[in-house]
Amino acid sequence: MNTVTTDSALVTYLVRHADDNVVLGQRLAEYISYAPDLEEDLAIGNFALDHIGVANHLFTYAAQVEGGDRDADGFAMLRSEREYTNLLLVEQPHEDFAGLIVRQFLFDAYQVVLWESLSTSTDPTIAGIAQRAAKEATYHLRHSSGWVIRLGDGTPESHKRMQAAVDRLWKFTAEMFESDSVDAEMAAAGIGVDPSKLSVIWLEIPDPVFEEATLTRPADPFQTSGGRTGMHTEHLGKLLAEMQWMQRSYPGLSW
Amino acid sequence: MDAAVLSGVVVVITRTRTAADARVMLERVVDPDLPFLSIEDIAILRGVEVTPDGGATVTITPTYSGCPAMDTIISDIRSVLTNGGFAPVHVDVVHSPAWTTDWMSGEAKEKLAANRIAPPGPLGVTAEVLCPMCSSDTIRTVSEFGSTACKSLMVCTDCGEPFDYFKAI
């Protein structure tokens, strides 16, 4: 990519948010039939469906803007790790239910803030997708924050696991608010939002929930990133291998 | 095609199909998970236009982002209108304005209740959910996420029956 045109910047912008959702959708789908109870299994399945649905709508729009032969499946199933631009947070494995909940909670807070902001995008397709996604994210956040409190302020075992999850995942939160030239171009056009402007609003969400859950942010301020430029942790490759193997083995496969 | 006259015996008259005709045909397209609601009842159907080439363009708005019924609905729209004589049939998926339960008619909400699903209240108001069986208001939420993306699972503590609640969104 030599020059960043508005079209190609728009595609990049759409795809990174789609990537966040398709990777998290896949991660959540892994937990189906492993949840602690039936109602939670349904909830996790519903969350996965919401995320994959958002990814589908964003990829479909990106394909339209790109105007080539690629469709939504082409984006999701035929790109490899270095081409995926999701946040590192969503590709992290859960380790346990606490890990799933903390990962979900941190991302839900980001999604609520992001989609509410994009609800007034000058691009009507993005605005429409965002308005719906914001409502769904609000339901998600209510559910995940409820679990953070119940498990954080729970038994010694649940508290230990929750704190370990927070300690492990907090280092992936700053990446949500990094911005680059694509973000700048989208924000200038009123199409997107500068992520760095969202961090203050986002931070208002975990702090009171952690307090009620008797959880603390890790003492180590270390943060890591790289997802937006295709530099991922070792986990993404395995996730994509599972997600993509059928399309890769039988190219053009359809129902 | 306006009229066809066969040698003096049978007169077959067909008129050009209109958007109103298309709408009548589309009444048969239902939400596959809620088959008592047409896509017009549930406000997925946003517009119907006919084109001079004998085609039809149907505009729809998806409900939940991941609603898996949308693919079935799109293919049902195509088959109903194609069988009804429209060609080509285009389905435009439009995201803006975003779908909301506020678009559902009072009639649609009554159909939900008659089918033992508590209907959504108006957005922005903490609505009282009533048991669709015995109308009691002492209900308990089992899970905010139920059998489909749009529904929660509740149970009535009066009559003991479980039921779905169509979430206001």
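What counts, and where the lines are drawn
Residues numbered from 1 in each chain as written. Chains lettered and ligands numbered in written order. Predicted model: local features only at pLDDT ≥ 70, side-chain atom pairs only at ≥ 80, totals over all residues. Heavy atoms only, no water. Helix = DSSP H or I, 4+ residues; strand = E, 2+ residues; numbered from the N terminus. Rg over C-alpha atoms; globule rule 2.2 N^0.38 Å. Buried < 20%, exposed > 50% of the residue type's maximum accessible area, 1.4 Å probe, protein only. Core = buried A, V, L, I, M, F, W, Y, C linked by side-chain atoms within 4.5 Å. Contact = heavy atoms within 4.5 Å. Pairing = 2+ DSSP bridges. Right-handed = clockwise from strand over helix to strand, strands pointing away. Buried area = accessible area lost by both parts, 1.4 Å probe. Salt bridge = Lys/Arg side-chain N within 4 Å of Asp/Glu carboxyl O. Polar contact = N/O pair within 3.5 Å; in protein donor to acceptor, adjacent residues only side chain to side chain. Nonpolar A, V, L, I, M, F, W, Y, C, P; charged D, E, K, R; others polar. Phe/Tyr/Trp six-rings, centres within 6.5 Å; stacked < 30°, edge-to-face > 60°. Lys NZ or Arg CZ within 6 Å of the ring centre and 35° of its normal.

A.B. asks: Help me understand the overall build of chain A, please; the structure alone is not making it clear to me.
C.D. replies: Each helix and strand counted, chain A has 11 helices and zero strands in total. Ordered by position from the N terminus, the helices and strands of chain A form the series α-α-α-α-α-α-α-α-α-α-α. Computed over C-alpha atoms, the radius of gyration of chain A comes to 18 Å, within 12% of the 18 Å expected from 2.2 N^0.38 for 255 residues, which places it in the range of a compact globule. If one aligns the C-alpha atoms of chain A with their principal axes, the spans along those axes are about 55 × 40 × 30 Å. Expressed as a percentage of its 255 residues, the buried residues of chain A come to 57%.

A.B. asks: I would appreciate a short explanation of the nonpolar core in the present structure.
C.D. replies: Within soluble globular proteins, side chains that are nonpolar generally end up buried alongside one another. Formed by 119 residues in total, the largest nonpolar core has its most connected members in Phe59(A), Leu106(A), Trp115(A), Val148(A), Ile77(B), Leu81(B) and Phe166(B). Top contributing element to this core by residue count: helix α5 (residues 97-118) of chain A, with 15 residues. Here Leu81(B) is in contact with Ala22(B), Met25(B), Leu26(B), Ala56(B), Val58(B), Phe86(B) and Val89(B), once residues within four sequence places are set aside. Counting residues in each nonpolar core, the second largest holds eight residues, with Ala118(B), Cys131(B), Met154(B) and Tyr165(B) among its members.

A.B. asks: I tried to follow the sheet that holds strand β8 (residues 117-118) of chain B on my own but got confused; where do I start?
C.D. replies: All names here are of chain B. Strand order across the open sheet formed by four strands is β8-β11-β10-β9, with mixed pairing between neighbours. Looking at strand neighbours, the two that pair on one side only are β8 and β9 (139-143), the edges of this open sheet. Relative to strand β10 (residues 151-156), β9 is paired through four bridges, and the arrangement is antiparallel. Directly across from Thr141, in β10, lies its bridge partner Met154.

A.B. asks: Would you mind going over the environment of Leu130(B) with me for this structure?
C.D. replies: Residues and elements named next belong to chain B. Tracing the backbone through its elements, the reader meets Leu130 in the loop between β8 and β9. What makes Leu130 partly exposed here is its relative accessible area of 38%. The spacing of Leu130 and Leu112 is 18 residues in sequence and 12 Å in space, taken between C-alpha atoms. Discounting chain neighbours no more than four positions away, the residues touching Leu130 are Ala118, Ser135, Ser136, Asp137 and Phe163.

A.B. asks: Hey, could you run me through the pairing of strand β6 (residues 56-60) of chain B in this one?
C.D. replies: Sheet faces and side chains relate simply in a regular strand, where the side chains alternate between the two faces. Residue and element names in this part refer to chain B. Within β6, four of the five residues are buried, which leaves it mostly tucked inside the rest of the structure. Bridging between strand β5 (residues 45-50) and β6 involves five bridges; their strand directions are antiparallel. Within β6, the residue paired with Leu45 across the bridge is Ile60. Where β5 hands over to β6, the hairpin turn is made up of five residues, of which Gly54 adopts a positive phi near 85 degrees. On the question of chirality, the crossover connecting β6 to the parallel strand β7 (residues 89-93) by way of helix α2 (residues 69-83) is right-handed.

A.B. asks: It is not clear to me how the interface of chain B and chain A should be interpreted in this structure. Could you clarify?
C.D. replies: Bring the parts together and some accessible area is lost; that lost area is often taken as the interface size. The interface is formed by 22 residues belonging to chain B together with 23 residues belonging to chain A. When the two sides are added together, the surface that chain B and chain A hide from each other amounts to roughly 2000 Å², 58% of it contributed by carbon and sulfur. When the buried area of chain B at its contact with chain A is split by residue, Ser65(B), His95(B) and Phe145(B) rank highest and sum to 38% of it. On inspection of chain B and its partner chain A, the count reaches one salt bridge. Here Arg142(A) ties to Glu144(B) by a salt bridge, and the two come within 2.8 Å at their closest N and O atoms. Across the contact surface, chain B and chain A share 12 residue pairs in polar contact (both at pLDDT 80 or more). Tallied by class, residues from the side of chain B that touches chain A come to 11 nonpolar, nine polar and two charged.

A.B. asks: Is there a simple way to explain the pattern of salt bridges in this structure?
C.D. replies: Side chains that differ in charge, positive against negative, can pair when their charged atoms come close. Residues and elements named next belong to chain A. Under the criterion given, the structure shown has 16 salt bridges over all chains. One salt bridge in this structure joins Arg161 and Glu157, with 2.8 Å as the shortest N-O distance. In this pair, Arg161 and Glu157 both sit in helix α7 (residues 156-169), four residues apart, roughly one turn of the helix. On the basis of relative accessibility, which here comes to 40%, the residue Arg161 falls in the partly exposed class. With a relative accessible area of 39%, Glu157 lands in the partly exposed category. A single network of salt bridges, built from pairs that share partners, joins Asp96, Glu157, Lys160 and Arg161.

A.B. asks: I keep staring at the packing of aromatic side chains and nothing clicks. Help me out?
C.D. replies: Remark: the centre distance and the inter-plane angle together describe each pair of aromatic rings, the angle taken between the planes. Residues and elements named next belong to chain A. Summed over the entire model, instances satisfying the criterion amount to 11 aromatic pairs over all chains. Ring centres of Tyr31 and Phe97 lie 6.2 Å apart, and the angle between their planes is 20 degrees; this geometry places the pair in the stacked category. Of this pair, Tyr31 sits in the loop between α1 (6-29) and α2 (38-66) while Phe97 sits in helix α5; the two residues are 66 residues apart in sequence, bridging distant segments of the chain. Taken as a pair, Tyr31 and Phe97 share a single burial class, namely buried. Residues Phe105 and Phe210 carry aromatic rings whose centres are separated by 5.9 Å and whose planes lie at 45 degrees to one another, so their mutual orientation is tilted. With Phe105 in helix α5 and Phe210 in helix α10 (residues 206-212), the pair connects residues that are 105 residues apart, well separated along the chain. Looking at Phe210, the relative accessible area reads 3%, which means it is buried. Taken together through their ring pairs, the aromatic side chains of Phe105, Phe107, Tyr110, Trp170, Phe177, Trp202 and Phe210 make up a single cluster. Between Arg70 and the ring centre of Phe75, over which it is positioned, the NZ or CZ distance is 4.0 Å. One cation-aromatic arrangement involves Arg150 over Trp147; the distance from NZ or CZ to the ring centre is 4.6 Å.

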